[in-house]
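Single-letter residue listing:
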Amino acid sequence: MIRKLTDRDHHQVLAFLSEEPSINLFIIGDIEAFGYSSEFQEIWGEFDEQDSIKAVLLRFHQSFIPYARGEFDTEGFVSIMKRYKQPISLSGKSDIVEKFEAFDDLLLGKKQVTFFAECLSDEFLSAGDVEFKKASIENVDQIIELRNSIEEFHIRSDAREILVQGIESNTARTYYTVDHDILTSCVSTTAENSMSAMIVGVCTRKEYRRQGLATAVMQKLFQDVLNEGKTLCLFYDNPAAGRIYKRLGFKDIGMWTMHR
C-alpha cells in the first residue's frame, strides 16, 4: 500500500531512512527543513503487510527521489510522478533509479551517473593558513558569478533561489576566499541535516588556480562540519577530483544517478 506521509509517520520514516543516512541525506534534510505539508514538497511511503515502511518517494518542486531496500512498487510510484508536469527530475541510488528508466511514458531529463562518497573522520585533514570567509545572502550573486565562470559547471536556472533558500533555512553554507573584493574560490554544502551534509560547488577562478585555495578552504569547511558530528558526502565523476577527495578521507559508497 502506498499513501502520503504525515507528521504522524515521522519517527518511523526517520528510523527507516537513518539505516543509510548518507544515501538519504537529501530526503532527511528536506523533511527536517520543510516537513510533510509544504506546498512544494510531498512524501509518499509504501508499507508492507506489517505496516512497516519499505520504500519512500520524495517530491521537492519538480524533483523526485525514491528510496527502498529490496523490491518495491515502482509502477505505483511512477503513477504518482506522472501527475506532475513533465519532464521531471529524478535522482537516487543507481540501482533504484534504473527501475524507473524502464517506463517509456515517464519523461526524464538528461542522465548523469556519478560516484557517491562519504567521509566520517578528520584524520586526513590538515590546518591551513589561507584566510576565508563564510558567505551570507549578500554574497549570493558573487558566488553564482564565480560558478558561471567555471566551464565544467552546468548552472541551473534556479541556482540563485536554491542558494538563498539554503542559507535562510540553514541547510547550506559557503566558505570562500577573496582577493580585492573578488571571490577567488569557494566550496558549499547543500542538503545539510542533523546527520550529514553534501559538498558541492568546489571551484577556483581560472587565474587563481594552482595556489591550493580550494583545497584549503575545503578542508576548513570539512573540519567544521565534522566537528558538528555530521558525515560529509559528495558526488564526483572526475577521477582526478576523486583522488583528491580520497586523500582527504572520502570513500566510495555507491553510484548515484541523476536525470535533470
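Everything below is about the structure shown above.
Residues numbered from 1 in each chain as written. Predicted model: local features only at pLDDT ≥ 70, side-chain atom pairs only at ≥ 80, totals over all residues. Heavy atoms only, no water.

## Comments concerning the overall build of the protein chain
When helices and strands are counted, the protein chain shows 8 helices and 12 strands. Taking 260 residues into account, the globule formula puts the C-alpha radius of gyration at 18 Å, and the protein chain, at 19 Å, falls close to it. Dimensions along the principal axes, computed over C-alpha positions, put the protein chain at roughly 60 × 35 × 35 Å. Taking all 260 residues of the protein chain together, the buried fraction comes to 49%. A separation threshold of at least 6 residues defines the contact pool for the protein chain, and within that pool the share at least 24 residues apart is 65%. Working note: accessible area of the protein chain is about 13,400 Å², and carbon and sulfur atoms make up 48% of it. The centroid of the 30 positive side-chain charges in the protein chain is displaced by 3 Å from the centroid of its 41 negative side-chain charges. (Helix = DSSP H or I, 4+ residues; strand = E, 2+ residues; numbered from the N terminus. Rg over C-alpha atoms; globule rule 2.2 N^0.38 Å. Buried < 20%, exposed > 50% of the residue type's maximum accessible area, 1.4 Å probe, protein only. Contact = heavy atoms within 4.5 Å. Areas by Shrake-Rupley, 256 points an atom, 1.4 Å probe, with all protein chains shown as cover. Lys, Arg positive; Asp, Glu negative; His and termini not counted. Charge placed at Lys NZ, Arg CZ, Asp CG, Glu CD.)

## Observations concerning the nonpolar core
Of all hydrophobic cores here, the largest spans 61 residues; its most connected members are Leu17 and Phe100. Among the elements that make up this core, the one with the highest residue count is helix H7 (residues 213–227) (6 residues). Filtering out sequence-adjacent residues up to four positions away, Leu17 remains in contact with Asn24, Ile27, Ile28, Ile31, Val56 and Tyr67. In this structure, Ile150, Val164, Leu183 and Cys186 belong to the second largest nonpolar core, which totals 14 residues. (Core = buried A, V, L, I, M, F, W, Y, C linked by side-chain atoms within 4.5 Å.)

## Concerning the side chain of Glu118
Position of Glu118 among the secondary structure elements: in strand S6 (residues 111–119). Buried within the structure, Glu118 lacks any salt-bridge partner; Lys251 is the closest side chain of opposite charge, at an N-O distance of 8.3 Å. There is a polar contact of 2.5 Å between the side chain of Glu118 and the side chain of Ser22. Once you skip the residues sitting within four places of it in the chain, Glu118 turns out to touch Ser22, Thr231, Leu232, Cys233, Gly249, Phe250, Lys251 and Ile253. (Salt bridge = Lys/Arg side-chain N within 4 Å of Asp/Glu carboxyl O. Polar contact = N/O pair within 3.5 Å; in protein donor to acceptor, adjacent residues only side chain to side chain.)

## Focus: the pattern of salt bridges
Under the defined criterion, the tally for this structure stands at 17 salt bridges. The salt bridge partner of Asp105 is Lys82, with a shortest N-O separation of 2.5 Å. Here the residue Asp105 occupies a position in the loop between helix H4 (94–100) and S6, and Lys82 occupies one in the loop between helix H3 (74–81) and strand S5 (89–93), the gap between them amounting to 23 residues. Looking at Lys82, the relative accessible area reads 39%, which means it is partly exposed. Here Lys230 ties to Glu228 by a salt bridge, and the two come within 3.7 Å at their closest N and O atoms. Judged by relative accessible area, which is 43%, Glu228 ranks as partly exposed. Here the residues in one salt-bridge network are Arg173, Glu192, Glu228 and Lys230, joined through shared partners.

## Some details on helix H6 (residues 159–168)
Among all positions of H6, only Ala159, Leu163, Val164, Gly166 and Ile167 are buried. Down the axis of H6, the smallest arc covering the buried residues is 160 degrees, so these residues share one side. In H6, those exposed residues whose orientation departs by more than 90 degrees from the buried face are Glu161 and Glu168. Those residues of H6 that are buried lie in contact with helix H5 (140–148) and strand S8 (174–179). (Arc of directions from axis to C-beta.)

Geometric descriptors of this kind do not, in isolation, establish any biological role.
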